[in-house]
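Next come the chains, spelled out residue by residue.
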Amino acid sequence: MRVNSNTRARTRAAVGLTVAALAAGATAGAGPATAQPKAAPAAPAAAECSTAYRIEQKLSTGTTWRMCWRYDGKAGLVLENISYQPKGEPKQIKVLNSARLGQIHVPYDDGNIEYDDLTGFDFAQGLMNLAPGECPGGTIKTVKVPDSWNEDPNVKGLCTTTRSRGHAYRMQGDTANKVFQTEGKDLLVYTVNQVGWYEYMTEWRFQDDGTITMNVGATGSLSWDDYDAGDGRGWPIGKGASAKATSHSHNAFWRLDFALDGSTKNKVEQYDSTVSAPTRGQRAPTTKTTRTKVTKELAGDSKAYRWWRMVSATGKNKDGHARSYEIVPGPTTKYPGRSYTKHDLYVTQYNKCELFASHNPGNCGAGAGKSVDKWVNGQALTHPVVWMNIGFHHIARDEDQQPMPVHWQGFSIAPRDVTAMNPLTPAELGWQNGHWRPRS
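What comes next is a walk through the structure. Values in this document were obtained by computation on a predicted structure and should not be read as measured data.

### Quick notes on the packing of aromatic side chains
In the structure shown here, the tally under the stated rule is 11 aromatic pairs. Ring centres 4.9 Å apart and planes at 75 degrees place the aromatic pair Tyr115 and Phe121 in the edge-to-face group. As far as the burial class goes, Tyr115 and Phe121 line up, both buried. Considering the side-chain rings of Trp375 and Trp387, the 5.7 Å spacing of their centres and the 55 degrees angle between planes classify their relative orientation as tilted. Pair noted here: Trp375 is in helix α3 (residues 372-375) and Trp387 is in strand β20 (residues 384-394), with a separation of 12 residues, a long-range link. A relative accessible area of 2% means that Trp375 is categorised as buried. Overall, Trp387 belongs to the buried group, its relative accessible area being 0%. Ring pairs connect the aromatic residues Trp65, Tyr84 and Phe206, which therefore count as one cluster. Residue placement shows Arg100 over the ring face of Phe356; its charged tip is 4.8 Å from the ring centre.

### What about the side chain of Asp208?
When you line up the elements, Asp208 lands in the loop between β9 (198-207) and β10 (212-220). For Asp208, a relative accessible area of 0% gives the class buried. A distance of 2.7 Å separates polar atoms of two side chains, one belonging to Asp208 and the other to Thr61. A polar side-chain atom of Asp208 sits 2.8 Å from the main-chain amide nitrogen of Lys185.

### As for the sheet that holds strand β14 (residues 267-276)
Strand order in the open sheet made by the 10 strands is β6-β7-β8-β9-β10-β21-β18-β17-β14-β15, with antiparallel pairing throughout. Every interior strand has two partners, whereas the edge strands, β6 (139-144) and β15 (286-294), have only one. Sheet twist, expressed as the mean angle between neighbouring strand axes with direction ignored, is 25 degrees. Two strands pair when backbone bridges link them, and β14 and β15 are joined in this way by 9 bridges, in the antiparallel orientation. Residue pairing in the sheet places Val275 in a bridge with Thr287 of β15.

### With respect to the environment of Arg255
Mapping Arg255 onto the fold places it in strand β13 (residues 248-258). Arg255 gets classed as buried once you look at its relative accessible area, which sits at 4%. For the pair Arg255 and Ala357, spaced 102 residues apart in the sequence, the C-alpha separation amounts to 8.4 Å. Of note is the side chain of Arg255, whose polar atom sits 3.1 Å from the backbone oxygen of Glu354.

### Overview of the state of the cysteines
For the structure on display, the rule yields 3 disulfides. Here Cys49 is linked by a disulfide to Cys68, with a sulfur-sulfur distance of 2.1 Å. Its S-S torsion of approximately -90 degrees makes the covalent link between Cys49 and Cys68 left-handed. Note that Cys49 is positioned in the loop between α1 (19-22) and β1 (54-58) and Cys68 in strand β2 (residues 64-72), a separation of 19 residues in sequence. You'll find Cys49 and Cys68 in the same group, each marked buried.

### Observations regarding the pattern of salt bridges
In this structure the tally under the stated criterion is 20 salt bridges. Note that Asp373 and Lys374 form a salt bridge whose closest N and O atoms lie 3.0 Å from each other. A relative accessible area of 18% places Asp373 in the buried class. Through salt bridges with shared partners, one network takes in Arg163, Arg165, Asp186, Asp208 and Asp209.

### Some details on the environment of Thr332
With respect to the helices and strands, the residue Thr332 is situated in the loop between β18 (322-329) and β19 (345-349). Thr332 sits in the partly exposed class, given a relative accessible area of 35%. C-alpha separation for the pair Thr332 and Asn389, spaced 57 residues apart in sequence, amounts to 8.3 Å. The contact partners of Thr332, leaving out residues within four places of it in the chain, are Asp344, Asn389, Ile390 and Gly391. A distance of 2.7 Å separates the side chain of Thr332 from the backbone nitrogen of Gly391, its partner in a polar contact.

Each value, and the rule that gives it
Within each chain, residue numbers correspond to sequence positions counted from 1 in written order. Whole-chain, interface and lining totals are the exception, using all residues; otherwise, since this is a predicted model, local features are given only for residues with pLDDT of at least 70 and side-chain atom pairs are given and counted only at 80 or more. Hydrogens and waters are ignored; side-chain quantities use all the structure's heavy atoms. Between rings of Phe, Tyr and Trp, where Trp is taken as its six-membered ring, a pair exists when centres lie within 6.5 Å; planes separated by under 30 degrees are stacked, by over 60 edge-to-face, and by other angles tilted. Think of it in three bands: residues with accessible area under 20% of the maximum for their type are buried, residues over 50% are exposed, and the middle band is partly exposed, with areas taken using a 1.4 Å probe on protein chains only. Counting from the N terminus, the helices are the DSSP runs of H or I reaching at least four residues and the strands are the DSSP runs of E reaching at least two. Consider the ring centre and the ring normal. A charge sits over the ring if Lys NZ or Arg CZ is within 6 Å of that centre and within 35 degrees of that normal. Polar contact is defined as a pair of N or O atoms within 3.5 Å, subject to the rule that within protein one atom must be able to donate a hydrogen and the other to accept it, and that residues adjacent in sequence are counted only when both atoms are side-chain atoms. Strands pair, by our definition, only if DSSP identifies at least two bridges between them. Lines fitted to the C-alpha atoms define the axes, with helices restricted to the stretch that makes contact. Angles between their N-to-C directions range from 0 to 180 degrees. Note that a disulfide, as used here, is simply two cysteine sulfur atoms within 2.5 Å. The salt bridge criterion pairs a side-chain nitrogen of Lys or Arg with a carboxyl oxygen of Asp or Glu, the two atoms within 4 Å. Any pair of residues with heavy atoms lying within 4.5 Å of one another is described as a contacting pair.

Next up, the structure:
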């Protein structure tokens with residue numbers, strides 16, 4: 001769905017997207033950006049970056065997110081020093097050293113071509129200007145694109161705003177006279193990068209309950225000269241069946257460098273549950289959950305009743321439980337055609353040279369390999385880095401024209417025991433922690 005790299009033309013004109021396009025679909029928490037009331041200024045962030053490169057937002061529900069941003073010449077937007085401070089916590093809780101895309105791999109079904117959009121097709125160079133209406137109630141920051149091929153490298157391309165995501169919770173109280181409910185609020189940070197005919201919306205949603213959701217949404221256009229899927233793998237677009245758009249995959253990787261409570265010495269755990277049929281005297285099947293400590297590099301696969309978490313080596317919540325973040329994969333179509341796309345999750349030992357999941361441009365040493373699967377070689381995990389692979393198989397349809405609706409792919413990380421209670425708990429219910437009993 002792109003023109004040849006030698007002939008394609010780019011433009012820095014404002015992207016013709018609308019707020020409705022933001023709401024066109026949701027895979028891992030994607031949704032419309034809507035303006036929120038201006039919150040009171042939060043306490044000053046740590047001096048980790050200058051004001052121009054700082055993002056700080058206190059949401060109306062009381063949670064504050066702080067982070068720094070920069071723009072990489074290949075990866076595009078990189079978020080660093082990400083911390084979370086819910087109401088009631090005396091100081092900010094660091095979550096991540098950095099969060100960024102690790103690759104977008106696009107192989108075509110007919111076997112004639114595949115692309116690595118970040119390292120091989122100028123993803124970062126394609127940063128697009130955003131119109132004010134695309135960032136309702138927020139701020140559009142100017143980004144200086146490294147080694148820009150345009151006369152002016154400055155692009156108004158980074159939106160930071162807030163949005164409502166609907167119910168955060170709803171609970172009938174002890175009597176029928178009281179309902180506890182509130183609307184959840186998010187900080188939304190996003191860019192749009194044009195690659196050939198595609199426009200990738202890279203968004204990060206920081207929820208007031210501590211969850212971080214990362215999505216890539218592909219929109220733009222079907223290529224007008226890519227209707228030659230003569231091998232039968234394409235889908236007929238337009239009148240009749242003579243023009244078939246070539247089907248292809250989008251395999252998106254993210255790279256997360258955790259630093260829970262400010263330490264990179266995080267621990268990785270895998271949980272698997274098995275369900276057994278009822279035995280004599282039992283009324284229902286039984287489920288047993290087993291924890292496995294992951295001490296060496298891992299190439300992991302999602303399956304039913306399996307999940308992973310990153311555990312803080314230093315921090316505990318007010319109940320004395322170790323803080324952690326659970327990895328929550330979104331829907332995926334795993335692409336088996338390349339060694340690095342055969343697994344859903346990789347955990348590698350930190351190496352500053354290992355930055356892209358495929359066709360990594362750095363020289364990481366003799367025999368190091370150029371893809372994430374080659375880096376899983378038995379090293380002990382003292383500074384684990386998580387790589388998440390979420391795939392989407394795009395078989396075009398008539399509704400993909402024109403313009404093409406956004407199709408989303410992504411995943412989340414959710415707090416597990418970061419706070420002693422729901423960080424949005426109303427003060428009236430704050431005493432109901434643990435095995436509580438109704439007051440007399």
